[in-house]
Amino acid sequence: MAEKTTVEIEDMRRLKQYALDCGKSLKQVINEALDEKIQRDRPDMEKKDPPPKMKSPAADGGMSLDPIRAKMVHWGVHSMFVSQMRSRGLDSSSFSPEDIDDKFLDEFLENMCLVLERETAETILVEIKKFLEGYE
Amino acid sequence: MKNNNRLSSAVKGLDKLISGSIPRESIYVITGNSGTLKSAFAFNLISNHLRSHPKLFGVYISLEQTKASLLRNMEGLGLTTPKNLQISDYATLKHRLDDGDMDYGSMILKPLLDNEGSGEQNPLKKPNYVILDSLNAFYVLMARTNEPDREKLQYLFMMLREKGITSFFIMETDPREEFHEEFFLVDGVIDMGIIKSQGKFKRYIQVKKMRSAEHSLDQYVLDIGKGGISILDVLLE
């Protein structure tokens, strides 16, 4: 039987905004997210494109970025985060907390400070740190 | 008596061109060839205005020039940056991180358009003024993930107006081309150029369009000194 999923009102609002920004329908965005999740949850052998050069594979219980990703999309820094992960050879869809070390976060803060006020960037960083601590 | 509240008072002599003031919550393009002081004019206008209105907030989005280079140029022209003007340096970010897949559209537009709420829920600060330098570079970055078209641009302008943001888009143009599609979508067009007058090359500024404001259509001579930009007299043939 299919597993039911609950979506918070705030998450739904963000999803709608994200869909609007991407020029896609809400249904399309949800379908894409589900496809991505199915692809991620499949055993490694079945995956079409396994993530390259991952330091910490998702197979050992790697974490989902979804909750913090939604927030980062909302704040406009998600693409920057993903690019920084890629520059370290990491896959943004699943990772282990040790991949995101203090050096990575310091670098991310400096990158955010290039385009946002420092105060804003620091608040975002605190949110990310809180999320990461929840997984330790 | 000079009204300090008026945006047009932020550049010496600009009141001569526009009676009343530059309407807020509107979209403007500043056009011209390279070297015509488009960036300096926008920077001068907004930085002076913000300096006398510390509760307001502005963002200068630099897509091609690094913050260091921009500030060096502005300081060379006697222009300094007030605390309430954020310089968003996408040029350096591009150099540091660009892997060809960066979604500049959301990075640039989210902080401008999606800033309701405050604190942890939404730390983004709503700007009153935005300068985007340049629209040409913005098109190039957007084209990598999304083909820009008139409808999208119209939507962006509508959103900026709805948010109550007064926006200046710097646009490099060829002086031989009189009209651009953007001119129909924006509320104002300020053109800057270099022209030979009475045997000398001079910089000029001309307000070609400004909705809801009376303005001169004459070209005025522009001067740049230690205190920034000044607009002098009507350019003579």
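In what follows, the structure referred to is the one given above.
Residues numbered from 1 in each chain as written. Chains lettered and ligands numbered in written order. Predicted model: local features only at pLDDT ≥ 70, side-chain atom pairs only at ≥ 80, totals over all residues. Heavy atoms only, no water.

### Quick notes on the overall build of chain B
Okay, step 1: Broken down by element type, chain B carries 7 helices and 11 strands.
Okay, step 2: Taking the principal axes of the C-alpha coordinates as reference, chain B spans close to 55 × 40 × 35 Å.
Okay, step 3: Residue burial in chain B is summarised as follows: out of 237 residues, 54% are buried.
Okay, step 4: For chain B, the accessible area works out to roughly 11100 Å², and carbon and sulfur atoms hold 50% of it.
Okay, step 5: Mean positive and mean negative side-chain charge positions of chain B (30 and 30 charges, respectively) differ by 8 Å. (Helix = DSSP H or I, 4+ residues; strand = E, 2+ residues; numbered from the N terminus. Buried < 20%, exposed > 50% of the residue type's maximum accessible area, 1.4 Å probe, protein only. Areas by Shrake-Rupley, 256 points an atom, 1.4 Å probe, with all protein chains shown as cover. Lys, Arg positive; Asp, Glu negative; His and termini not counted. Charge placed at Lys NZ, Arg CZ, Asp CG, Glu CD.)

### Points about helix α5 (residues 102-115) of chain A
Okay, step 1: The terminal C-alpha atoms of α5 of chain A, which comprises 14 residues, lie 21 Å apart, in line with the 20 Å expected from a rise of 1.5 Å per residue.
Okay, step 2: Turning to α5 of chain A, its buried residues are Phe104, Leu105, Phe108, Leu109, Asn111, Met112, Cys113, Leu114 and Val115 of chain A.
Okay, step 3: Lining the buried residues of α5 of chain A we find α3 (66-75), α4 (78-87) and α6 (118-133) of chain A together with β4 (85-89) and α3 (90-97) of chain B. (Expected span 1.5 Å × (residues − 1). Contact = heavy atoms within 4.5 Å.)

### What to know about the interface of chain B and chain A
Okay, step 1: Across the boundary between the two partners, chain B contributes 27 residues, which contact 27 residues of chain A.
Okay, step 2: Around 2300 Å² of area is buried between chain B and chain A when both sides are counted, 52% of it from carbon and sulfur atoms.
Okay, step 3: At the junction of chain B with chain A, the criterion picks out 1 salt bridge.
Okay, step 4: Put simply, Glu117 of chain A and Lys125 of chain B hold a salt bridge, and the shortest N to O gap is 3.4 Å.
Okay, step 5: Between chain B and chain A we count 10 residue pairs in polar contact (both at pLDDT 80 or more) in total.
Okay, step 6: Going through the elements one at a time, β4, α3 and α4 (104-113) of chain B are the ones with two or more residues in the side of chain B that touches chain A.
Okay, step 7: In terms of residue class, the side of chain B that touches chain A is made up of 11 nonpolar, 7 polar and 9 charged. (Buried area = accessible area lost by both parts, 1.4 Å probe. Salt bridge = Lys/Arg side-chain N within 4 Å of Asp/Glu carboxyl O. Polar contact = N/O pair within 3.5 Å; in protein donor to acceptor, adjacent residues only side chain to side chain. Nonpolar A, V, L, I, M, F, W, Y, C, P; charged D, E, K, R; others polar.)

### Looking at the sheet that holds β4 of chain B
All names here are of chain B.
Okay, step 1: The strand order across the open sheet built from 9 strands is β4-β3-β5-β6-β2-β7-β8-β10-β11, with neighbouring strands paired in mixed fashion. On the outer flanks of this sheet lie β4 and β11 (228-234), each paired with one strand and no other. Strand-to-strand twist across the sheet, computed as the mean angle between neighbouring axes with direction ignored, equals 25°.
Okay, step 2: Here 10 bridges tie strand β7 (residues 188-197) to strand β8 (residues 200-210), and the two strands are oriented antiparallel to one another. Pairing of Ile194 across the sheet is with Arg203, part of β8.
Okay, step 3: Sheet strands touched by helix α6 (residues 150-162): β2 (27-32) and β6 (166-172). Its angle to β6, the strand with the most contacts, is close to 145°. (Pairing = 2+ DSSP bridges. Axes fitted to C-alpha atoms, helices over the stretch in contact; angles between N-to-C directions.)

### Focus: the side chain of Asn111 of chain A
Okay, step 1: Take Asn111 of chain A: it is sitting in helix α5.
Okay, step 2: The exposure class assigned to Asn111 of chain A is buried, which follows from its relative accessible area of 1%.
Okay, step 3: Look past the residues within four positions of Asn111 of chain A in its chain and what remains in contact with it is Met80 and Gln84 of chain A together with Leu93, Arg96 and Leu97 of chain B.

### Quick look at the pairing of β4 of chain B
Okay, step 1: For β4 of chain B, the buried fraction is high: 5 of the 5 residues fall into the buried class.
Okay, step 2: Handedness of the crossover joining strand β3 (residues 58-62) of chain B and β4 of chain B through helix α2 (residues 67-76) of chain B: right-handed. (Right-handed = clockwise from strand over helix to strand, strands pointing away.)

### Quick notes on the packing of aromatic side chains
Okay, step 1: Tallied over the entire structure, the rule returns 5 aromatic pairs over all chains.
Okay, step 2: Each ring, one from Phe81 of chain A and one from Phe104 of chain A, has its centre 5.5 Å from the other, and the planes form 75°; the classification is edge-to-face. In this pair, Phe81 of chain A sits in helix α4 while Phe104 of chain A sits in helix α5, placing the two residues 23 residues apart along the sequence.
Okay, step 3: Assessed through its relative accessible area of 2%, Phe81 of chain A is described here as buried.
Okay, step 4: Residue Phe104 of chain A is classed as buried on the basis of its relative accessible area, which comes to 0%.
Okay, step 5: Ring centres of Tyr28 of chain B and Phe168 of chain B lie 5.2 Å apart, and the angle between their planes is 25°; on these two criteria the pair is classed as stacked. Highlighted residues: Tyr28 of chain B in strand β2 and Phe168 of chain B in strand β6, separated in sequence by 140 residues.
Okay, step 6: The class for Tyr28 of chain B is buried, based on a relative accessible area of 1%.
Okay, step 7: Of the residues examined, Phe168 of chain B reaches a relative accessible area of 1% and is grouped as buried.
Okay, step 8: A network of ring pairs unites the aromatic residues Phe81, Phe104 and Phe108 of chain A as a single cluster.
Okay, step 9: One cation-aromatic arrangement involves Lys125 of chain B over Phe57 of chain B; the distance from NZ or CZ to the ring centre is 4.5 Å. (Phe/Tyr/Trp six-rings, centres within 6.5 Å; stacked < 30°, edge-to-face > 60°. Lys NZ or Arg CZ within 6 Å of the ring centre and 35° of its normal.)

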